[in-house]
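Geometric and topological summary
One-letter residues, chain by chain:
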Amino acid sequence: MGLEIKIPAVGESITEVTIAKWLKSDGAAVKRDEVIAELESDKATFELPAEADGTLQILVAEGETIGIGTVIANIGGEGNGAAPAAGSATPSKEATLAQPQADPVAPGQKESGNNGSQGSAAEKGPQTAKDPITQGEQNPQASDQSGYGGSTAGSADKPTAPAAGGAAPATGGGEVKEMKIPAVGESITEVTVAKWLKADGAQVERDEVIAELESDKATFELPAEAAGTLRHAAQEGQTIAIGTVIARIEGGSGATAGAAPAASAPAAAQSTSSAPAQPAAAAASGSATYATGTPSPAAGKILGEKGIAATDVQGTGRDGRITKEDAQNAQARPAAPAPQAPAATPATSTQPAASASAQPAGERNQRRERMSNLRKTVARRLVAVKNETAMLTTFNEVDMQPIMDLRTKYKDKFKEKHQVGLGFMSFFTKACCVALKEFPSVNAQIDGTDIVFNDFCDVSIAVSAPKGLVVPVIRNAEQLSFEGIEREVVRLAGKARDNKLTIEEMTGGTFTITNGGIFGSMMSTPIINAPQSAILGMHNIVQRPVAVNGQVVIRPMMYLALSYDHRIIDGRESVSFLVRVKELLEDPTRLLLGV
């Protein structure tokens, strides 16, 4: 059997991970400590090294969600040699068991394969037991009913060959690889198909990116798990549960594309090539499948919202299935009778004036979009914070002239020496660290019935990433210099915009700073980043008249907002904390002297 490779623990409370990508193919020779796969958990990707030298046997396909401790591969010559060493009667069947693929053979071939499998149960049993996911894929009825693309070549109601004489060639050319939705983090049960990068019926290569999936705080690419013809089983914008079949890849694209038309329409096979064979196959076999006239979940939702019956829509998808595009196009049909209204106006003289006054001028279009998983998660957490904390906000204003003068004087020399710009964030971070030391309750948090005080300052910086708001953490900010803080801000912001932040870089903060001023915000009440107890909101700098030493002068002023949990922070402490931050910013030399 060889050495079993199991899913390692990747963090507290994480019970499952996703096989994001196999870096070594099935049957490849690997060395000890060589990275063979990437595992994905909540907001983080981990590398899985080989635990010994040998031949890799993959038991779990890419995209599968697996519990901690589950066996995902074997390393050793015995496990991988089982498939090629089997008798000539079932070589392709053994290969199918070694790799989790469906076995697209005719019903007659399936019986002979099952009979042969009884004689080699000792070899197949362990693999099936370790990879229960493949049990459903070996069932042609289950494969036939899964997904949204109709029956696949080689399924129960659509055999790839009319006779048993060509059993061996049909099996080798018609293998179907089912691709399932991977998990993207703890407690996430569904993802959205953001975009198909490869069209239905297109030829794809192994590891070629075919789609983008969207989930909580992450958009990730879905690579093809085999080479062949891609068959979509879900539409763009559709939300699918983890583990659901999203697509199928028909191996041996030329044989598969030609086999389906040959079973029902031999003439069609002569006029089509392997790539565009899908529409012809759908037209020839659509009437005999369950998919005909059935809308996909996304299409059904659109039709339901518009009050259009599925029977009134002609499906253009595989086997006549109604796709999302069909449903969207059908929205315009109910509006089509609108031009008929003027045709009826000559009948009466009062209708033109009434209809003209009832319809406002100009376009009045509406569009409905499904909330992304990121937006739903952000909404849920923000509401939870509002409901579970006694949140209050106090305000103050800061004269930014001293800091601006200091930056103007030294920013060029600072960048020349440290190769990083001198921004406002380093001043605010240093000022907050000093104030947090003086008012430790602002740096504390509630844990059940206890208050946890931190003698360190892990400052979270809110960053607007392309897919939503993320909050990376600057560790031990109180020990960093201005140059060190600026480097961390640049590094974390860059990783956030590239969606490369790890889970360790976004957890464990004790205090948060957010800067809505870069978007022009004058004043706001930021929401606490739980389980923290306070957050400081920066805003835009505006030239305003203020009184200085009895004189009205124009100064660059900024409003500061401190939102805090009143359960743990009293009003005196919150106001004093914000006043201390104001003093340090209006006299930056205090930061250097520690006074």
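This text gives an overview of the structure that appears in the document.

About the criteria used
Every chain begins its residue count from 1, and numbering advances along the sequence as written. Thresholds applied to this predicted model are a pLDDT of at least 70 for local features of residues and 80 or more for the giving and counting of side-chain atom pairs; totals over whole chains, interfaces and linings are not thresholded and use all residues. Excluded from the side-chain calculations are hydrogens and water; all other atoms, namely the structure's heavy atoms, are used. Runs of H or I in DSSP of at least four residues are treated as helices and runs of E of at least two as strands, each being numbered from the N terminus. Any pair of residues with heavy atoms lying within 4.5 Å of one another is described as a contacting pair. Calculation of accessible area relied on Shrake-Rupley with a 1.4 Å probe; when residues are assessed, cover is drawn exclusively from the protein chains displayed. For this analysis, a salt bridge means a side-chain nitrogen from Lys or Arg found within 4 Å of a carboxyl oxygen belonging to Asp or Glu. Three labels apply to residues, based on accessible area from a 1.4 Å probe with only protein chains included: buried if under 20% of the type maximum, exposed if over 50%, partly exposed otherwise in between. We treat two strands as partners when DSSP finds at least two bridges between them. Note on ring pairs: Phe, Tyr and Trp rings are taken, using the six-membered ring of Trp, and paired if centres are within 6.5 Å. Classes follow the plane angle, with under 30 degrees stacked, over 60 edge-to-face and the rest tilted. Here, over-ring charges are defined by two tests on the NZ atom of lysine or the CZ atom of arginine: distance to the ring centre within 6 Å, and angle to the ring normal within 35 degrees. Where helices are involved, their axes are fitted lines through C-alpha atoms of the stretch in contact, as for all axes, and angles between N-to-C directions lie from 0 to 180°. Crossings are classed by handedness, with left-handed meaning an anticlockwise turn of the near helix from the far one by less than a right angle and right-handed meaning a clockwise turn. Just so you know the grouping, Ala, Val, Leu, Ile, Met, Phe, Trp, Tyr, Cys and Pro go in nonpolar, Asp, Glu, Lys and Arg go in charged, and all remaining residues, Gly too, go in polar. Take the residue count of a helix, subtract one, and multiply by 1.5 Å to get its expected span. Patches were defined on residues exceeding 30% relative accessible area and lacking a salt bridge, with like-charge contacts within 9 Å and nonpolar side-chain contacts (Val, Leu, Ile, Met, Phe, Trp, Tyr) within 5 Å.

**Side note on the overall build of the chain**
- Regarding its fold elements, the chain presents 21 helices and 27 strands.
- Restricting the contact set of the chain to residue pairs at least 6 apart, pairs at least 24 apart contribute 65%.
- Total accessible area on the chain stands at roughly 28,100 Å², and carbon and sulfur atoms take up 53% of it.

**What about the pattern of salt bridges?**
- One pass over the full model with this rule turns up 18 salt bridges.
- We note a salt bridge from R231 to E250, for which the minimum N-O separation is 3.4 Å. In this pair, R231 sits in strand 14 (residues 228-232) while E250 sits in strand 16 (residues 245-250), placing the two residues 19 residues apart along the sequence. The same class applies to R231 and to E250, which are both buried.
- Taking the shortest distance from any N to any O, the salt bridge between R580 and E583 comes out at 3.6 Å. Residue R580 and its partner E583 are located together in helix 20 (residues 571-586), separated by 3 residues, close to a single helical turn.

**So, the sheet that holds strand 8 (residues 71-75)**
- Ordered in space as 1-8-6-3, the 4 strands form an open sheet in which the pairing is antiparallel. Looking at which strands have only one partner, the edges of the open sheet turn out to be strand 1 (3-6) and strand 3 (29-30).

**Let's talk about unusual backbone geometry**
- A cis amide bond links A530 with the next residue in sequence, P531, at an omega value of 5°.
- Mapped onto the secondary structure, P531 falls in the loop between strand 24 (511-515) and strand 25 (534-538).
- Of note, the phi angle at D207 is positive, near 75°, even though the residue is not glycine.
- Within the fold, D207 resides in the loop between strand 11 (203-204) and strand 12 (209-215).
- Its identity as a non-glycine residue notwithstanding, Q419 has a phi of 60°, on the positive side.
- Within the secondary structure layout, Q419 lies in the loop between helix 17 (401-418) and helix 18 (424-438).

**Some words on the packing of aromatic side chains**
- Using the criterion set out here, one finds 2 aromatic pairs in the structure.
- The ring of F424 carries R407 above its face, with NZ or CZ at 4.5 Å from the centroid.
- Over the face of the ring belonging to Y559 we find R544, whose NZ or CZ atom lies 4.3 Å from the ring centre.

**Some words on the packing of helix 18 against helix 19 (residues 482-497)**
- For the pair helix 18 and helix 19, interaxial distance at closest approach is 9 Å and the crossing angle is 115°. As for the relative orientation of helix 18 and helix 19, their crossing is right-handed in sense. Residues F424, M425, S426, F427, T429 and K430 of helix 18 lie in contact with helix 19, whose contacting residues are F482, I485, E486 and V489.
- Tallied by class, residues from the contact of helix 18 with helix 19 come to 6 nonpolar, 2 polar and 2 charged.

**Focus: the pairing of strand 24**
- In terms of burial, strand 24 is a largely internal element, 4 of the 5 residues being buried.
- Two elements, strand 20 (residues 459-461) and strand 24, share 3 bridges in a ladder whose sense is parallel. Within strand 24, the position partnered with S460 by the bridge is T512.
- In terms of strand pairing, strand 24 meets strand 25 through 4 bridges, oriented parallel. When the bridges of strand 25 are listed, T512 appears paired with I535.

**So, helix 18**
- Under the 1.5 Å per step criterion, the end-to-end length of helix 18 is 22 Å for 15 residues, consistent within 8% with the ideal 21 Å.
- The element helix 18 is largely enclosed, with a buried count of 11 among its 15 residues.
- Considered for burial, the residues of helix 18 that qualify are M425, S426, F427, F428, T429, K430, A431, C432, C433, A435 and L436.

**A few points about a nonpolar patch on the surface**
- A cluster of nonpolar side chains, namely F395, M522 and M523, defines an oily patch on the protein surface of about 280 Å² accessible area.
- In this structure, M523 sits in the loop between strand 24 and strand 25.
- Of the residues examined, M523 reaches a relative accessible area of 42% and is grouped as partly exposed.

**So, the environment of P545**
- Along the polypeptide, P545 turns up in strand 26 (residues 541-548).
- P545 sits in the exposed class, given a relative accessible area of 57%.
- For the pair P545 and P556, spaced 11 residues apart in sequence, the C-alpha separation works out to 8.9 Å.

**Section: the sheet that holds strand 4 (residues 35-41)**
- An order of 5-4-2-7 is seen for the 4 strands of this open sheet, with the pairing classed as antiparallel. If you trace the sheet from one side to the other, it starts and ends with strand 5 (44-49) and strand 7 (65-67), each paired once. Averaged over all adjacent pairs, the angle separating strand axes in this sheet is 40°, with direction ignored.
- In terms of strand pairing, strand 2 (residues 16-22) meets strand 7 through 3 bridges, oriented antiparallel.

Note that all results are geometric; they support no functional claim without further evidence.
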